[in-house]
Amino acid sequence: MVTATGPTPGQDADPGRQHGWRRALDREDLHRYLTTLEGWREFTTQDPAPLDLLTASQLSGLDDDGRLDYDDGRLDYHTRLTVAATSTLRAVVHAGRRLTLLNRHAISARRGLILSGAAGTGKTTALTQFGKTIEVIDRRQHPDVDRIPVVYVAVPPAATSRMLAVEFARFLGLPVTTRANITDVIEAVCGVLIDARVSVVCVDELHNLSLTTRNGAEVSDTLKYFPERIPATFVYAGVELEANGMFNGTRGRQIAGRFAVIDTVPFPRTQEWTGLVSTFEEALRLHHHQPKTLEKLANYLHQRTGGMIGSLSHLIRGAAIDAILDGTEKITRQSLERVKLDRAAQTRKPKPVS
């Protein structure tokens, strides 16, 4: 049985000497963060039941507290609106699964995958959904075994190699003292992940790593070292990595030689875009929303969001929340206009249909 709660080599188990981040979070709070094992497991196991709208007679039968509870449930539902199965997401899941199979018996030189593109093009969603897919498959294959098949961490801003190693320890819940050096942390992390039969490591926010700095180069070396020790497939995601020099120089060429790249881009105005809009619309739970209203506004939505899937999701979810709060219970072009979007979506021109 795998455990990730004991002290790392050379460390003091006294919780008073541990970093304060974990002591500051209770068990409930830990479930909110994908970069903790508790949060990741909740994300991969949650399968919320579809939310049904009450009939007019059922609504009229609610008292004030009942109506508030009902609306609060719908507000929460719309904050977590469905993940649209885009062509990019499907490509990432397929390519990632292929790599995990190809790497299964590799002794060294395991291949990896990089997702690179502008902010709001669905990199993190694709990365986490791929990780969730692997987690679900592993749980089905090994239902009674305590394993950690997937790790999800993010590269901190201005990261050092020790900071990155601590992120892995933080995910696992390993106590880290200020006295622990990077070798201690890495050895503890690798030991737990090997014992836990990890098969996929997801590393987000890779753009926080700069190969032109000493710290960035050391972080890159640490990331290169982990796959040599851990028999897993590594999948990275970051903002416009090629333009930021990720594949330049000796270290960059090593990364380019080991990793395939999937570029995430704004969606052109095609039938797939209309399908994405329809997927979001069908998931709405509003009492007076007219079906296909958003589908008819597909051109407008494309212009508003610049074809950014993240901005589309924000826009529709925001308008749905407004519709519940103001009592209109429907989304119109006028209500969409009132939702402010990020500047990147408003200024980016989508690629034309080829």
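For the structure itself, look to the data block above.
Residues numbered from 1 in each chain as written. Predicted model: local features only at pLDDT ≥ 70, side-chain atom pairs only at ≥ 80, totals over all residues. Heavy atoms only, no water.

A. Geometry of the packing of helix H8 (residues 161–172) against helix H10 (residues 214–229). Taken N-terminus to C-terminus, the directions of H8 and H10 make an angle of 40°; their axes are 8 Å apart at the nearest point. By the criterion of interaxial angle, the relationship of H8 to H10 is oblique. Every residue of H10 that contacts H8 at Ser161, Leu164 and Phe168 is listed here: Glu218, Val219, Thr222, Leu223 and Phe226. (Axes fitted to C-alpha atoms, helices over the stretch in contact; angles between N-to-C directions. Helix = DSSP H or I, 4+ residues; strand = E, 2+ residues; numbered from the N terminus. Parallel < 35°, antiparallel > 145°, perpendicular 65-115°, else oblique. Contact = heavy atoms within 4.5 Å.)

B. Structural context of the sheet that holds strand S1 (residues 112–117). Sheet architecture is open: five strands sit in the order S2-S3-S4-S1-S5, paired in parallel fashion. Each edge of the open sheet carries a strand with a single partner, namely strand S2 (150–154) and strand S5 (259–264). Across the sheet, the axes of successive neighbouring strands diverge by a mean angle of 15°, strand direction being ignored. Packed onto the sheet, helix H7 (residues 123–141) meets S1, S2, strand S3 (200–204), strand S4 (233–239) and S5 and runs at close to 165° relative to S3. Against the sheet, H8 makes contact with S2 and S3, and its axis sits at roughly 130° relative to S2, the strand it touches most. (Pairing = 2+ DSSP bridges.)

C. Region of the structure containing the side chain of glutamate 329. Within the secondary structure, glutamate 329 sits in the loop between helix H15 (309–325) and helix H16 (333–337). The exposure class assigned to glutamate 329 is buried, which follows from its relative accessible area of 4%. A polar contact is formed between the side chain of glutamate 329 and the side chain of arginine 74, at a distance of 2.7 Å. When sequence neighbours within four positions are dropped, the list of residues in contact with glutamate 329 reads Arg67, Arg74, Leu286, His287, His288, His289, Ala323 and Ile324. (Buried < 20%, exposed > 50% of the residue type's maximum accessible area, 1.4 Å probe, protein only. Polar contact = N/O pair within 3.5 Å; in protein donor to acceptor, adjacent residues only side chain to side chain.)

D. Representation of the nonpolar core within the structure. Val151, Phe168, Phe171, Val189, Val203 and Leu206 are the most contacted members of the largest nonpolar core, which has 63 residues in total. Excluding anything up to four places from it in sequence, valine 151 contacts Phe168, Phe171, Leu193, Val198, Val200, Val201 and Cys202. By size, the runner-up hydrophobic cluster in this structure holds 30 residues, among which are Leu51, Tyr77, Leu301 and Ala320. (Core = buried A, V, L, I, M, F, W, Y, C linked by side-chain atoms within 4.5 Å.)

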